[in-house]
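Observations on the three-dimensional arrangement
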Amino acid sequence: MSRSFRRLLVAGAAGFIGSNFVRLLRRTHPEIEVTVLDKLTYAGNRDNLAGVDGYRFVEGDVCDASLVDRLAAECDAIVNFAAETHVDRSLMDPYAFIETDVRGTAVLCEAARKHQHEVLLLVSTDEVYGEVREGRSRETDPLRPRSPYSASKAGGEHIAWAYAESFGLPLLVTRGSNTYGPHQYPEKLIPVLITNAIDDMRLPLYNDGSAVRDFLFVEDHCLAIERVLLEAPAGGVYNVGTAAETTGLQVAEAVLDIMGKPRGLIEFVADRPGHDYRYALDISRITALGWEPRVTFAEGLETTVRWYRDHQDWWRPLKSGEYWDYYRRNYRPLVR
Ligand code: NAD
Ligand code: DAU
């Protein structure tokens, strides 16, 4: 199967994964007309799309139903990356997450239904399964989110599945694991560690650094989304990950080793409330669709360290003002 649509609305593509996705799609499918809709929150940045041509940019909110309706009328498919995405911020301001990740998703569903789109692809997350103490999450497992972020993402998914059931909305969902690489806002683990290490600042790890994640290089994540968008039958949900397991402490040590900095820079800090200590995905469904990760964690981390070293003009302006207010609120001393 190869889905044929001509005009794609990509919401949230001034952010990390969305901008990498548009860069990939313009290269692989220049015949698809791309409209980007992005609110340019603190995490959105027009510079992320620098050097990409042949797309239209609209600054606006996925919750703005009349704007989304107008843009959807001119397109025949939607991919949604737009979301509030940082778990720690969701513990400080959950309403922003419910607004964009639940209501914004509903607005996109309604527009895709009304304009009889070929497909709506929601970029979801492995966090909707909640903490996985043993085994691996399969796409048929129940959703048991444990943070305001993951609960909002699960809420958006539930609305979209309701549209698929009630109105026959042709829906696709990807549930990706922890993604890293160029253009990631420096609040997530890997860019916090790298940019702090560049400045010889402490590398903060929650509690004992033992929480496990499956780190996925951003190009691999984008290739998976592209494959699902073009090849998967409507109604499909796909886990996307590498099936490797890495602790926060292993990541911090690897960053310091690549950069030739002392491990003494690691600092254990107070834990994230409700911290999920492990996610793990069964990826057999997406591999059966013909996708598999190409980049190992060692290769991807080297590339990412090099990118942050070489693009200080990109991230230094982001680590200022509100960023440090957030940083001071978020990181607290560890009391044992
Ligand atoms: P990001 O925070 O880097 O970017 C989010 C983008 O959405 C920004 O450009 C922001 O301006 C935009 N946005 C936010 N609210 C909006 C609104 N109301 N209207 C329009 N635009 C809005 O996020 P990311 O890390 O690139 O994640 C993209 C998507 O992938 C999200 O849906 C996220 O849940 C999902 N995801 C992320 C990861 C990860 O590890 N980063 C893993 C799996 C899934
Ligand atoms: O799993 C996919 C999800 O990955 C995405 O859906 C989210 O949008 C994305 O933010 C990410 O969520 P996590 O909470 O897993 O990512 P984060 O980078 O915030 O944290 C990764 C792990 O590292 C987690 O166990 C918490 C820990 N951590 C994080 C930060 C920011 C630290 O120990 N220190 C830190 O400073």
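Residues numbered from 1 in each chain as written. Chains lettered and ligands numbered in written order. Predicted model: local features only at pLDDT ≥ 70, side-chain atom pairs only at ≥ 80, totals over all residues. Heavy atoms only, no water.

Glancing now at the packing of aromatic side chains. Here the structure, examined in full by the defined rule, presents 18 aromatic pairs. Their ring planes at 75° and their centres at 5.4 Å tell us that Y180 and F297 sit as a pair that is edge-to-face. Remark: F297 occurs in helix α10 (residues 297-310) and Y180 occurs in strand β7 (residues 179-180); sequence separation between them is 117 residues. Assessed through its relative accessible area of 1%, Y180 is described here as buried. Aromatic ring contacts, followed pair by pair, group Y42, Y185, Y206, Y323, W324, Y326, Y327 and Y331 into a single cluster. The side chain of R46 reaches across the aromatic face of F57, ending 4.0 Å from its centre. Its guanidinium or amino end placed over the ring of Y42, R89 lies 3.9 Å from that ring's centre, counting from NZ or CZ. (Phe/Tyr/Trp six-rings, centres within 6.5 Å; stacked < 30°, edge-to-face > 60°. Helix = DSSP H or I, 4+ residues; strand = E, 2+ residues; numbered from the N terminus. Buried < 20%, exposed > 50% of the residue type's maximum accessible area, 1.4 Å probe, protein only. Lys NZ or Arg CZ within 6 Å of the ring centre and 35° of its normal.)

All right, on to the environment of R89 then. In this fold, R89 is placed in helix α3 (residues 87-92). R89 sits 241 residues away from N330 along the chain, and the two C-alpha atoms are 8.4 Å apart. Excluding residues within four positions of it along the chain, R89 makes contact with Y42, F97, Y185, E187, E322 and Y326. Within polar-contact distance, the side chain of R89 engages the side chain of E322 at 3.1 Å. (Contact = heavy atoms within 4.5 Å. Polar contact = N/O pair within 3.5 Å; in protein donor to acceptor, adjacent residues only side chain to side chain.)

Around ligand 2 sit 21 residues in total, of which D126, E127, Y149, R272 and Y331 are the nearest. Per-element tally for the shell around ligand 2: the top contributor is strand β8 (residues 203-206), with three residues. Split by residue class, the shell around ligand 2 holds eight nonpolar, seven polar and six charged. When residues of the shell around ligand 2 are sorted by domain, at least three fall in each of domain 1 (7-179 + 215-240) and domain 2 (183-213 + 244-276 + 295-325). (Near = heavy atom within 4 Å. Nonpolar A, V, L, I, M, F, W, Y, C, P; charged D, E, K, R; others polar. Domains from an automatic or database assignment.)

Just distances and angles here, no functional claims.
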